[in-house]
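Okay, here's what each chain looks like letter by letter:
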Amino acid sequence: MTELRIAIVGFGKIARDQHLSAIAATPGATLVAVASRNASLPGLPHFATIEELLEKGPPIDAVSLCTPPQMRRAQAAAALAAGKHVMLEKPPGTGVAELDPLIATAAKAKRTLFATWHSRYAPAVEPARQWLAERRITSVHISWKEDVRVWHPGQGWIWEPGGLGVFDPGINALSILTKILPQSVFVTAAELAFPANCQAPIAAKLTMTDIGGLPISAEFDFRQTGPQSWDVLVETDQGRLTLSGGGRRMAIDGKTVAEAPDEEYRELYRRFVDLAATCASDVDLAPLRLVADAFLLGKRTIVEAFVD
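## Quick notes on the pattern of salt bridges
Under the criterion given, the structure shown has 15 salt bridges. The closest approach of N and O atoms between arginine 129 and glutamate 126, which form a salt bridge, is 2.7 Å. Of this pair, arginine 129 and glutamate 126 are both found in helix H5 (residues 125-132), three residues apart, which corresponds to roughly one turn of the helix. On the basis of relative accessible area, arginine 129 is assigned to the partly exposed category, the value being 31%. The class for glutamate 126 is partly exposed, based on a relative accessible area of 30%. Connected through shared salt-bridge partners, Glu263, Arg266, Glu267 and Arg270 make up one network.

As structure tokens, then:
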């Protein structure tokens, strides 16, 4: 099998914490360069921008865009124009409509565009989808609460327009929701709490449903201290399903029935290698649409300023 030669663009926390080890563990994938304004990796060619990478860098087949979402559309367009396959960290962009031209460009160029949702690859998510497919769901509640100072230290971009604020982790929960439920869901109401000095929310409450009227609620909060919660609770006619740990554990009526180590990013790169082999794309915008609708429908309140 021909190796997929990958360059990481944007060498921040997520690239160091997840992408490096995932590429190293993925058969058929090789990291050959890094493009980043502020960081490099010893032993690999380094470039300040994606333009410099594409012009002066070593031969590559693909780029993995780990930059803040505000930058990704232009970077993806440049990479596709240069004939490269493109992996997009989540969220795939700052808006829904900006992805349409990229999808069309990838198809025309016969190159892969992969909008990743890493939480869908958590080990208990697929077992949960299969279990729910055979039961009648009566309600869903999401509690996704974490300490922004622990998980996003110094990341000022997350508070800017397009940075999504608490929806940066919250969209992970929505990616799981749209994976495990048998029908499409939509937002009917939202409450968004904005710090007085920020352009993105620090907390949010969503009310959602599907065509059948299923009650779905979600609470996202960046102000959680102590134990963190990344949980999805689904009531059915045959018991309660709980996904916890961001989708790593599944319990039925309190009894754990599925649990495994985290290999989300390894699964992403395995998928990327397979997609690139046939120049196929995978771009599901359902989680991003829910976030966009939350902003459209959200009642805005101002809370105390955030100081990192």
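## Remarks on the sheet that holds strand E2 (residues 29-35)
The sheet built from six strands is open, its strands ordered E3-E2-E1-E4-E5-E6 with parallel pairing. At either margin of the open sheet sits one strand with a lone partner, and together these are strand E3 (46-47) and strand E6 (113-115). Note: strand E1 (residues 4-9) against E2, six bridges, orientation parallel. When the bridges of E2 are listed, valine 9 appears paired with alanine 35. Lying on the sheet, helix H1 (residues 13-24) is in contact with E1, E2, strand E4 (62-65) and strand E5 (85-88); it crosses E1 at an angle near 175°.

## Overview of the nonpolar core
Formed by 75 residues in total, the largest nonpolar core has its most connected members in Leu53, Phe167, Ile180, Leu206 and Phe220. Those residues in contact with isoleucine 180, other than ones at most four positions away along the chain, are Val125, Ala128, Arg129, Leu132, Val232, Val234 and Leu243. Counting residues in each nonpolar core, the second largest holds 21 residues, with Leu4, Phe11, Phe272 and Val273 among its members.

## Structural notes on the packing of aromatic side chains
Applying the stated criterion across every chain yields a total of six aromatic pairs. Where tryptophan 159 meets phenylalanine 306, the ring centres are 4.7 Å apart and the plane angle is 40°; that geometry is what we call tilted. Separated by 147 residues along the polypeptide, tryptophan 159 in the loop between helix H6 (148-151) and helix H7 (167-180) and phenylalanine 306 in the segment after strand E15 (298-303) bring together distant segments of the chain. Judged on exposure class, the residue tryptophan 159 and its partner phenylalanine 306 are both buried. An aromatic cluster is present here, built from Trp159, Phe222 and Phe306 joined pairwise through their rings. Taking the ring centre of phenylalanine 194 as reference, the NZ or CZ of arginine 300 above it sits at 3.9 Å.

Here is what the cut-offs are and how they apply
Residues numbered from 1 in each chain as written. Predicted model: local features only at pLDDT ≥ 70, side-chain atom pairs only at ≥ 80, totals over all residues. Heavy atoms only, no water. Salt bridge = Lys/Arg side-chain N within 4 Å of Asp/Glu carboxyl O. Helix = DSSP H or I, 4+ residues; strand = E, 2+ residues; numbered from the N terminus. Buried < 20%, exposed > 50% of the residue type's maximum accessible area, 1.4 Å probe, protein only. Pairing = 2+ DSSP bridges. Contact = heavy atoms within 4.5 Å. Axes fitted to C-alpha atoms, helices over the stretch in contact; angles between N-to-C directions. Core = buried A, V, L, I, M, F, W, Y, C linked by side-chain atoms within 4.5 Å. Phe/Tyr/Trp six-rings, centres within 6.5 Å; stacked < 30°, edge-to-face > 60°. Lys NZ or Arg CZ within 6 Å of the ring centre and 35° of its normal.

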